[in-house]
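# Structure assessment
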Amino acid sequence: MRTNIKLTLLSPLSHFGDQRMGTMQAARTQKYEYNGEYIDIPVYSGNAFRGELRRLIMQDYLNYIDITDEGVSANLYYLLFTGGALTSGSRYNEVGKKREMRKMCPPLSLFGSAIGDQIPEGKLKVAIFIPVCKETAKYTGVENDTSFYDMLQDTFYTRRDDLKSKDFNINEIEDEKGKKKENPTQMKYEMQCLSAGTELSGDIVIENDNEVEKACLKAGLEKLKEYGYIGGKSSIGHGKINLDYNMDVDTKVYYDYLAENKDTMREWIRNTEKIL
């Protein structure tokens with residue numbers, strides 16, 4: 001099953017690459033061919049989208065089978081939410097164990113995870129999300145006269161030190177030479193963002209899917225649409241989105257499956273936790 005996802009930014013998107021120029025954080029980019037040359041175009045990585053979706057789906061799964069309030073171990077948390085970690089002495093070498101995992105935890109079937117010395121691959125593939133603009137028309141299939149250069153903006157903030165402006169009972173700090181610091185410390189930092197109004201397009205694919213897994217994915221997309229944020233700096237308003245997709249699937253199939261197998265799933269979770 002293949003589904004196109006469209007993300008419309010309702011506030012600037014903060015999503016950075018590894019390169020940092022002083023206090024400036026540049027937008028994450030990938031090279032794409034345009035008019036005979038390869039240019040750097042800002043993107044939202046498939047890995048970031050996949051991670052956001054995974055956390056929401058896993059949390060919903062644990063909530064539905066009444067595990068959340070009981071809590072889980074650190075190792076189980078890593079297995080479910082971050083992809084796990086390889087260890088020796090696995091009991092998951094058998095094909096039957098992997099099949100059981102897919103039945104007992106549909107989210108793990110979608111996203112995969114490391115269990116013991118095995119890494120059962122997830123069925124979900126997520127594309128890199130690229131802006132709908134004139135430079136990406138042949139990749140998105142959408143004609144647009146606007147250049148991505150017009151969609152980029154530089155945003156800056158300052159972190160203010162209120163120590164000198166508030167009446168707190170705080171001992172004055174001395175520098176290395178023993179002199180008291182009189183000036184408050186402030187820091188300016190800048191970010192390169194995609195502007196509000198930008199549309200990002202990308203496909204998601206499930207290989208060898210079944211109805212429960214498709215319904216599980218749609219349930220996760222509904223959770224992400226309801227959550228409404230991607231990228232960094234969401235605490236100060238960045239990354240607010242509207243999410244559009246078209247999936248002719250009923251999420252009731254997934255939630256009915258969880259309800260029917262709730263006790264067995266809870267037992268599987270706790271047994272898995274013991275051997276991690």
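As a starting point, this report considers the structure included with it. All of these numbers come straight from a predicted model, not from anything done at the bench.

## Looking at the overall build of the chain
Assigned secondary structure in the chain consists of nine helices and 11 strands. In the chain, which comprises 276 residues, the share counted as buried stands at 42%. Excluding contacts between residues fewer than 6 apart, the proportion of contacts in the chain whose partners are at least 24 apart in sequence is 74%. Split by element, the accessible area of the chain, about 15600 Å² in all, is 43% carbon and sulfur.

## Comments concerning empty space enclosed by the protein
One pass over the full model with this rule turns up one cavity of 30 Å³ or more. By volume, the largest cavity is sized at about 40 Å³. Lining the largest cavity are Leu-13, His-15, Ala-27, Pro-42, Val-43, Gln-192, Cys-193 and Leu-194. When residues of the lining of the largest cavity are assigned to their parent elements, the largest contribution, three residues, is made by strand β9 (residues 187-194).

## Considering the pattern of salt bridges
All chains considered together, the criterion is met by 16 salt bridges. Across the pair Asp-203 and Arg-2 runs a salt bridge, and its minimum N-O distance is 3.5 Å. Linking Asp-203 in strand β10 (residues 199-206) with Arg-2 in strand β1 (residues 2-9), this pair joins segments that are 201 residues apart in sequence. Judged by relative accessible area, Asp-203 falls into the partly exposed class, the value being 26%. For Lys-31, the salt bridge goes to Asp-40, with nearest N and O atoms at 3.3 Å. Residues joined by salt bridges that share partners form a network here, namely Glu-70, Arg-266, Arg-270 and Glu-273.

## Quick look at the pairing of strand β11 (residues 241-244)
Across the two faces of β11 the burial differs, with Ile-241 and Leu-243 buried and Asn-242 and Asp-244 not buried at all. Here β1 runs beside β11; their pairing, made up of four bridges, is antiparallel. Within the sheet, the bridge partner assigned to Leu-7 lies in β11 and is Leu-243.

## Remarks on the side chain of Thr-8
You can see Thr-8 is positioned in strand β1. If we skip the residues at most four places from it in the chain, Thr-8 touches Thr-198, Glu-199, Lys-240, Ile-241 and Asn-242.

## Regarding the nonpolar core
Counting 57 residues, the largest nonpolar core has Leu-7 and Phe-49 as the members making the most contacts within it. Considering every element that reaches this core, the biggest residue donor is helix α7 (residues 211-227), with seven residues. Residues contacting Phe-49, with those up to four places away along its chain left out, are Ile-5, Leu-7, Tyr-44, Val-126, Phe-129, Ile-204, Leu-221, Leu-224 and Leu-243.

## Structural notes on the packing of aromatic side chains
If you walk through the whole model with that rule in mind, you get nine aromatic pairs. Each ring, one from Tyr-32 and one from Tyr-139, has its centre 5.1 Å from the other, and the planes form 65°; the classification is edge-to-face. You can see Tyr-32 sitting in strand β4 (residues 29-34) and its partner Tyr-139 sitting in helix α5 (residues 137-140), a full 107 residues away along the chain. Between Phe-49 and Phe-129, the aromatic rings sit 4.7 Å apart at their centres with planes inclined by 40°, giving tilted as the arrangement. Here Phe-49, found in helix α1 (residues 46-64), pairs with Phe-129, found in the loop between β6 (124-126) and β7 (130-131); they are 80 residues apart in sequence, far enough to count as distant. A residue is classified by how much of its surface remains accessible, and Phe-49, at 0% relative accessible area, is buried. The exposure class assigned to Phe-129 is buried, which follows from its relative accessible area of 0%. Aromatic ring contacts, followed pair by pair, group Tyr-44, Phe-49 and Phe-129 into a single cluster.

## Re the packing of α7 against helix α8 (residues 252-260)
α8 packs onto α7 with a crossing angle of 110° between their chain directions and a minimal axis gap of 7 Å. Viewed along their axes, α7 and α8 adopt a mutual orientation that is roughly perpendicular. Together, Glu-211, Val-212, Ala-215, Cys-216, Ala-219 and Lys-223 of α7 and Val-253, Tyr-254, Tyr-255 and Tyr-257 of α8 make up the contact between the two elements. Partitioning the contact of α7 with α8 into residue classes produces eight nonpolar, no polar and two charged.

## A word on the environment of Phe-111
Relative to the helices and strands, Phe-111 resides in helix α4 (residues 106-111). Sequence spacing of Phe-111 and Gly-83 is 28 residues, and the spatial spacing of their C-alpha atoms is 7.9 Å. The residues contacting Phe-111, other than those within four sequence positions of it, are Arg-50, Leu-53, Arg-54, Ile-57, Gly-122 and Leu-124.

## Focus: the side chain of His-238
Along the polypeptide, His-238 turns up in the loop between α7 and β11. By relative accessible area, His-238 is classed as buried at 3%. Engagement of the side chain of His-238 in a polar contact is seen with the backbone oxygen of Pro-12, the distance being 3.2 Å. Among the polar contacts made by the side chain of His-238, one reaches the side chain of Ser-14 at a distance of 2.8 Å. If near-sequence neighbours (up to four positions away) are discounted, His-238 is found in contact with Ser-11, Pro-12, Ser-14, Thr-155, Tyr-157, Met-191, Cys-193, Tyr-229, Ile-230, Gly-232 and Lys-233.

Rules and cut-offs
- Residues numbered from 1 in each chain as written.
- Predicted model: local features only at pLDDT ≥ 70, side-chain atom pairs only at ≥ 80, totals over all residues.
- Heavy atoms only, no water.
- Helix = DSSP H or I, 4+ residues; strand = E, 2+ residues; numbered from the N terminus.
- Buried < 20%, exposed > 50% of the residue type's maximum accessible area, 1.4 Å probe, protein only.
- Contact = heavy atoms within 4.5 Å.
- Areas by Shrake-Rupley, 256 points an atom, 1.4 Å probe, with all protein chains shown as cover.
- 1 Å grid on protein atoms, 1.4 Å probe; cavity = no way out; pocket = protein on both sides within 12 Å on 5 of 7 lines; lining within 4 Å.
- Points joined across faces, edges and corners; volume = space filled by probe spheres on them.
- Salt bridge = Lys/Arg side-chain N within 4 Å of Asp/Glu carboxyl O.
- Pairing = 2+ DSSP bridges.
- Core = buried A, V, L, I, M, F, W, Y, C linked by side-chain atoms within 4.5 Å.
- Phe/Tyr/Trp six-rings, centres within 6.5 Å; stacked < 30°, edge-to-face > 60°.
- Axes fitted to C-alpha atoms, helices over the stretch in contact; angles between N-to-C directions.
- Parallel < 35°, antiparallel > 145°, perpendicular 65-115°, else oblique.
- Nonpolar A, V, L, I, M, F, W, Y, C, P; charged D, E, K, R; others polar.
- Polar contact = N/O pair within 3.5 Å; in protein donor to acceptor, adjacent residues only side chain to side chain.

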